Amino acid sequence: MHQYVLQTPRLILRPLTPEDAEAAFVWLSDPKVNRYMPYNLYTSVEEARRWLESVAQGEGTTFEFGFERKADGLLIGAGGIGPNEAGDCWEVGYNLRSDCWNQGFATEAARKMIAFAHETFGVCAFGGNHAVANPASGRVLEHCGMHFDHFCEYSRFDGSETFPAKQYFMLLE
């Protein structure tokens, strides 16, 4: 697990821990949040705890962050940034409790993760994608400075559903 803690005006981006399971279960088990996510709907807090344990063990090359709201200390979402499969850019991802949508939190967190990767590791190429049917996520990428690059698709981890998607890209100097 990484030890980076980042701050924005309204959020603390911090490492996720297994102790976050109950808070994370709120969005991991919400069908509205899950609709276009690659993971299947979580059905128990224990399932969320197992995912958080894998994150805490540092599995994968993505830096995963919990998004804690400064105003009340509530964990409202999570996201990550790391190299894509092709290794040609770093991709950013995010999800939030549905009662925190449309308040700018996803954009605030995504911008901070991009700045972190750029300033800490010298990453200049960034990307992200979203389901075509989920344009709000595309607006987050656009507000981060990304531009539509091409159409693509992605599937749930278990292959049960495939989503037509839009890929975004930006290059920083």
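The structure presented is a predicted model; accordingly, all values stated were derived computationally and were not measured.

K.L.:
Whenever I open this one, the overall build of the protein chain confuses me. Can you help?
P.N.:
From N to C terminus, the protein chain includes five helices and eight strands. From first element to last, N terminus to C terminus, the protein chain shows the α and β order β-β-α-α-α-β-β-β-α-β-α-β-β. Against the 2.2 N^0.38 benchmark of 16 Å for 173 residues, the protein chain shows a C-alpha radius of gyration of 15 Å, consistent with a compact globule. Here the C-alpha coordinates of the protein chain stretch approximately 40 × 35 × 30 Å along the principal axes.

K.L.:
I'm lost on the environment of Gly 73 in this one. Help?
P.N.:
With respect to the helices and strands, Gly 73 occurs in the loop between β3 (63-69) and β4 (75-83). With 79 residues separating them along the chain, Gly 73 and Cys 152 place their C-alpha atoms 37 Å apart.

K.L.:
How should I be thinking about unusual backbone geometry in this particular structure?
P.N.:
Outside of glycine, negative phi angles account for most residues, and trans bonds account for most peptide bonds. Here Asn 102, not a glycine, exhibits a phi torsion of approximately 60 degrees, which is positive. Its relative accessible area of 75% is what places Asn 102 among the exposed residues.

K.L.:
I keep staring at the side chain of His 2 and nothing clicks. Help me out?
P.N.:
Inspection of the secondary structure puts His 2 in the segment before β1 (6-7). Only 3.0 Å separates the side chain of His 2 from the backbone nitrogen of Tyr 4, close enough to count as a polar contact. One polar contact links the side chain of His 2 to the main-chain carbonyl oxygen of Glu 64, over a distance of 2.7 Å.

K.L.:
Please explain the packing of aromatic side chains as it appears in this structure.
P.N.:
Aromatic rings in a pair are described by how distant their centres are and how their planes are angled relative to each other. Scanning the model with the defined rule gives 14 aromatic pairs in all. Aromatic pair Tyr 39 and Tyr 42: ring centres 5.6 Å apart, planes at 85 degrees, arrangement edge-to-face. For the pair Tyr 39 and Tyr 42, one class covers both residues: buried. Note on Phe 63 and Phe 116: the rings are 5.5 Å apart at their centroids and 80 degrees apart in plane angle, and the pair reads as edge-to-face. One end of the pair, Phe 63, is in strand β3; the other, Phe 116, is in helix α4 (residues 105-121), and 53 residues separate them in sequence. For the pair Phe 63 and Phe 116, a shared accessibility class is recorded, and that class is buried. Through pairs of rings, three or more aromatic residues link up here, namely Tyr 4, Phe 63, Phe 65, Trp 90, Phe 116 and Phe 121. Above the face of the Phe 105 ring, Arg 10 is positioned so that its terminal group lies 4.1 Å from the ring centre.

K.L.:
Help me understand the pattern of salt bridges in this model?
P.N.:
A side chain with one charge can pair with a side chain of the opposite charge if their charged atoms come near. Following the criterion strictly, the structure yields eight salt bridges and no others. The salt bridge partner of Arg 14 is Glu 68, with a shortest N-O separation of 2.7 Å. Of this pair, Arg 14 sits in strand β2 (residues 11-14) while Glu 68 sits in strand β3, placing them 54 residues apart in sequence. Like Arg 14, the residue Glu 68 is buried in the burial classification.

K.L.:
I keep staring at the nonpolar core and nothing clicks. Help me out?
P.N.:
Side chains of nonpolar character tend, in soluble globular proteins, to be buried together. Within the largest apolar cluster, 29 residues are counted, with the highest numbers of intra-cluster contacts made by Phe 67, Ile 81 and Phe 126. Of all the secondary structure elements, the ones that give two or more residues to this core are β2, β3, β4, β5 (90-96), α4, α5 (135-143) and β8 (162-171). Those residues within four positions of Ile 81 in sequence are excluded, and the remaining contacts are Thr 61, Thr 62, Phe 63, Trp 90, Glu 91, Val 92, Met 113, Ile 114, Phe 116, Ala 117 and Phe 126.

K.L.:
Could you clarify how one ought to interpret helix α3 (residues 45-56) in this entry?
P.N.:
Each full turn of the α-helix corresponds to 3.6 residues, which orients residues three or four apart in the same direction. Look at α3: 16 Å from first C-alpha to last across 12 residues, which is about the 16 Å you get at 1.5 Å a residue. Among the structural elements, α1 (21-28) and β3 are those in contact with the buried residues of α3. Positive phi appears at Gly 58, one or two residues downstream of α3, with a value of about 75 degrees.

K.L.:
How do you make sense of the state of the cysteines when you look at a structure like this?
P.N.:
Put plainly, two cysteines are in a disulfide when a covalent bond ties their sulfur atoms together. Taken as a whole and judged by the stated rule, the model has zero disulfides. Free cysteine Cys 89: the closest other cysteine sulfur is in Cys 152, separated by 11 Å. Exposure remark for Cys 89: the relative accessible area of 6% places this residue in the buried category. Cysteine Cys 124 is unpaired, with the sulfur of Cys 89 as its nearest cysteine sulfur at 12 Å.

Conventions used here
Residues numbered from 1 in each chain as written. Predicted model: local features only at pLDDT ≥ 70, side-chain atom pairs only at ≥ 80, totals over all residues. Heavy atoms only, no water. Helix = DSSP H or I, 4+ residues; strand = E, 2+ residues; numbered from the N terminus. Rg over C-alpha atoms; globule rule 2.2 N^0.38 Å. Buried < 20%, exposed > 50% of the residue type's maximum accessible area, 1.4 Å probe, protein only. Polar contact = N/O pair within 3.5 Å; in protein donor to acceptor, adjacent residues only side chain to side chain. Phe/Tyr/Trp six-rings, centres within 6.5 Å; stacked < 30°, edge-to-face > 60°. Lys NZ or Arg CZ within 6 Å of the ring centre and 35° of its normal. Salt bridge = Lys/Arg side-chain N within 4 Å of Asp/Glu carboxyl O. Core = buried A, V, L, I, M, F, W, Y, C linked by side-chain atoms within 4.5 Å. Contact = heavy atoms within 4.5 Å. Expected span 1.5 Å × (residues − 1). Disulfide = S-S within 2.5 Å.

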